Amino acid sequence: MQSMTGTIEISLSDRVDALRPSSTLAVTALAKQLKAEGKDVLSFAAGEPDFDTPEPIKQAAIAALKAGQTKYAPAPGDPETRRIIAEKLATENRIPDVTADHVVISTGGKNSLYLLFQALLDPPSAGKQPQEVILPTPAWVSYKPQATLAGGTIIEVPATAANDFKITPGQLAGAITPRSRILCLNSPSNPCGTMYSPDELAALAQVVAEAAATTCPELVIITDEIYEKIIYGGIEHRSIGSFPEVAHRTITVNGLSKAYAMTGWRVGYCAGSGEFGLRIAKAITKLQGQLTTCIPTFIYPAIRTALTECAEDVERMRQQFAQRAELIHERISAMPGIVCPKPTGAFYVFPDISAHFGKTTASGALIDSAQSFAKALLNEKLVACVPGEDFLGSGPNCARFSFACSSEQIEQGMDRLAAFLEGLN
Ligand code: PMP
Ligand code: GLU
C-alpha cells in the first residue's frame, strides 16, 4: 500500500500483527517511566522480586568471566549444570527417570515454554486437526500467545475466585477432547497467588492418565513450577511430574528468576522423564541450536551456586514474601466489594473488583472494566496494578497486585486503594 509520504508501506507478518504485547511488561514499564518522571508512583505491577541476587551467585559469574568462560557452550547447556539440575529434579521434585540428558537450559522459563510449544504443536492444515491446549484460567499472560504462535488452539477452563482459582477434575475431564495435545499447569499461579494441594494435583493427574489411556494417547502436561519455592500457606508443593501415571508425559518447566531473584539473568530450564523426555530435550536442543545457541556461558557456574549453596537466601526471601502476603491480603480483603482468595504461593493477589464496575471515580472516570479500574487508580492515586483482561477467564473481573515490594509500600498503597474505593460513586 502507498503511504502519504509516497513510500511503500511494508507489511509485517500476520503472526506478529495478531500478537498482543505483554500487558505485565507494559504496566511495569509505564510505572517505571512515571517514577523516572518524578511521580510518586507505588508500583504493584512487577512480576519480579524486589531483592537483589544473592552475592555468592554474582561472585560465581564474576569469577567465571575472569577465568575466561566467554565462549559458546553446548546448545542444551553445560553438562555439569544440567547434571545438578537433573539431581534437583530427581531428589527435590521426585521426578523419575531424569538425567542431565533430559535437561535443556534456556534464556528464561519464558523461552523454555516457547520452545516446548514449538516442539509439540502444529498449526491446523489439510488433514491435520487443530491441536488443543487446555489452559486453566486466569493464567499468566504469555501462555496463550506462545501456544497460538505455535499453531495451537487454546481451550480455556475457567476457575473462579470462589474456588481459589483452581479447576476441578470434573472440569478438566470435560475439557479433554480427542484433539487435546497439552495441558498447561502453573502452580503456584501467576496471577492468582494460589496453588494446588498434592491431592488436588493427584486427582488432575488421574484424569490425564485416564484420557491418555482412552481418547488422548498424545496428551502431554507442561507444568510451570517457577514459583515452587515461594510458598507460605501451609500447602506442600508437589510436582505433577512425580506421579507415576503421568510422569512420562509431563515436562517440568522452571527457572531461577523468582526463587533466586535472578530475573535479569535469563535462566530457565525444562525436563521430561524417560524416553519421551529425551526426545523432547533433543527436539528443543535442535530448535535452540538454530535460535539462541545457549545462555551466556559465564552464567552456568552461577546457576550451580544458586542451586547448591543458596537455600538460606531463598528462605530469607520466602519469609519476607510470607509476611507481605499476610499483610496485603488482610488489608485488601477488608475493603468493600473486594473478593480476594488468600495467597498461598508466588507473590500476587488477584482480587475480584467487579462489584465496583458501573461506578464513577472522584474525578468522574467511569469504571466499567479492570482496564478502566487500573487506569483510574494509576491516574488518580498513583498506584499501579495489572488489569486482569489478558489473564483470561474471570481475569477481566480482577486486578493483579504484586507484593514484591516493601511492607511500607504495601501499607501506603493499600491506604491509597482504600481511599480510591471510598471515592467511587
Ligand atoms: N512462568 C510464569 C508463571 C511467570 O510468572 C514467569 C515470569 N515472567 C515466567 C514463567 C517466566 O520467567 P522467566 O522467563 O524470567 O524465567
Ligand atoms: N512474569 C512476570 C509478570 O507476570 C514478569 C513479566 C512477564 O514476563 O510477563 O509480571
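In what follows, the structure referred to is the one given above.
Remember, predicted model here, so these are calculated numbers, not experimental data.

Enquirer: Mind showing me how you'd approach the overall build of the protein here?
Expert: Each helix and strand in the protein was counted, giving 14 helices and 12 strands. Over its C-alpha trace the protein gives a radius of gyration of 22 Å, about what one expects of a compact globule, namely 22 Å for 425 residues. Its C-alpha atoms put the protein at 65 × 60 × 55 Å along the principal axes. For the protein, with 425 residues in total, the buried portion stands at 56%. Contacts in the protein between residues far apart in sequence, at least 24 positions, make up 75% of those at least 6 positions apart. As displayed, the protein has an accessible area near 18,000 Å², and 54% of this comes from carbon and sulfur atoms.

Enquirer: Where do I start with the sheet that holds strand β12 (residues 399-402) in this structure?
Expert: Consider a sheet: its strands pair through backbone hydrogen bonds, and that pairing is either parallel or antiparallel. In space, the three strands of this open sheet follow the order β9-β12-β11, with antiparallel pairing throughout. Edge strands, defined here as strands with exactly one partner in the open sheet, are β9 (348-349) and β11 (386-387). Bridging between β9 and β12 involves two bridges; their strand directions are antiparallel. Across the sheet, the residue bridging to V349 is F401, located in β12.

Enquirer: Before we go on, may I ask you to explain a nonpolar patch on the surface in this structure?
Expert: Taken together, L12, V16 and L19 make up a surface patch of nonpolar side chains, about 260 Å² in accessible area. Relative to the elements of secondary structure, V16 occurs in helix α1 (residues 14-18). Owing to a relative accessible area of 44%, V16 belongs among the partly exposed residues under this scheme.

Enquirer: Would you mind showing me how to read the site of ligand 2 here?
Expert: As a matter of local geometry, ligand 2 sits amid S22, T24, L25, G47, K110, W140, N190, K258, Y348 and R400. T24 places a side-chain nitrogen or oxygen 2.6 Å from an oxygen atom of ligand 2. W140 places a side-chain nitrogen or oxygen 3.1 Å from an oxygen atom of ligand 2. Starting from 280 Å² of accessible surface for ligand 2 in isolation, the protein chains cover 87%. Here the shell around ligand 2 is composed, by residue class, of three nonpolar, four polar and three charged.

Enquirer: Explain the site of ligand 1 here, please?
Expert: Around ligand 1, the structure places 13 residues, and the nearest of them are G109, D224, Y227, S257 and K258. At a separation of 2.6 Å, an oxygen atom of ligand 1 approaches a polar backbone atom of G109. Residue Y227 places a side-chain N or O atom 2.7 Å away from an oxygen atom belonging to ligand 1. When ligand 1 sits alone it has 400 Å² of accessible area, and the protein chains cover 92% of it.

Enquirer: Sorry if this is basic, but what is going on with the packing of helix α5 (residues 109-120) against helix α10 (residues 274-291) here?
Expert: Packed helices, taken two at a time, are described by their axes: the angle between them and the distance between them. Remark: α5 packs on α10, axes separated minimally by 9 Å, with the N-to-C direction vectors making an angle of 110°. Considering the angle they form, α5 stands roughly perpendicular to α10. Where α5 approaches α10, its residues N111, L115, L116, Q118, A119 and L120 are matched on the opposing element by F276, I280, A283, I284, L287, Q288 and L291. Residues that form the contact of α5 with α10 fall into these classes: 10 nonpolar, three polar and no charged.

Enquirer: Even after reading the chapter, I still don't get the packing of helix α4 (residues 79-91) against helix α11 (residues 300-309), so can you show me in this structure?
Expert: Close contact between α4 and α11 brings their axes to 9 Å; oriented N to C, the two are set at 25°. Regarding the angle of α4 to α11, the classification is roughly parallel. Taken as a pair, α4 and α11 cross one another with a handedness that is left-handed. Contact residues: E80, T81, I84 and I85 in α4; Y300, I303, R304, L307 and T308 in α11. Here the contact of α4 with α11 is built from residues that sort into five nonpolar, two polar and two charged.

Enquirer: Mind showing me how you'd approach the sheet that holds strand β6 (residues 220-224) here?
Expert: The strand order across the open sheet built from seven strands is β2-β8-β7-β6-β5-β3-β4, with neighbouring strands paired in mixed fashion. Taken across any chain shown, the strands that pair with only one partner, and hence form the sheet edges, are β2 (103-106) and β4 (153-158). Each strand axis lies, on average, 20° off the axis of its neighbour in the sheet, ignoring direction. Sheet topology note: the strand β3 (residues 132-137)/strand β5 (residues 180-186) ladder contains three bridges and is parallel. When the sheet's bridge partners are listed, E132 is paired in β5 with S180.

Calculation notes
- Residues numbered from 1 in each chain as written.
- Chains lettered and ligands numbered in written order.
- Predicted model: local features only at pLDDT ≥ 70, side-chain atom pairs only at ≥ 80, totals over all residues.
- Heavy atoms only, no water.
- Helix = DSSP H or I, 4+ residues; strand = E, 2+ residues; numbered from the N terminus.
- Rg over C-alpha atoms; globule rule 2.2 N^0.38 Å.
- Buried < 20%, exposed > 50% of the residue type's maximum accessible area, 1.4 Å probe, protein only.
- Contact = heavy atoms within 4.5 Å.
- Areas by Shrake-Rupley, 256 points an atom, 1.4 Å probe, with all protein chains shown as cover.
- Pairing = 2+ DSSP bridges.
- Patch = residues over 30% accessible without salt bridge, like charges linked within 9 Å, V, L, I, M, F, W, Y side chains within 5 Å.
- Salt bridge = Lys/Arg side-chain N within 4 Å of Asp/Glu carboxyl O.
- Near = heavy atom within 4 Å.
- Polar contact = N/O pair within 3.5 Å; in protein donor to acceptor, adjacent residues only side chain to side chain.
- Nonpolar A, V, L, I, M, F, W, Y, C, P; charged D, E, K, R; others polar.
- Axes fitted to C-alpha atoms, helices over the stretch in contact; angles between N-to-C directions.
- Parallel < 35°, antiparallel > 145°, perpendicular 65-115°, else oblique.
- Left-handed = near helix turned anticlockwise from the far one by under 90°.

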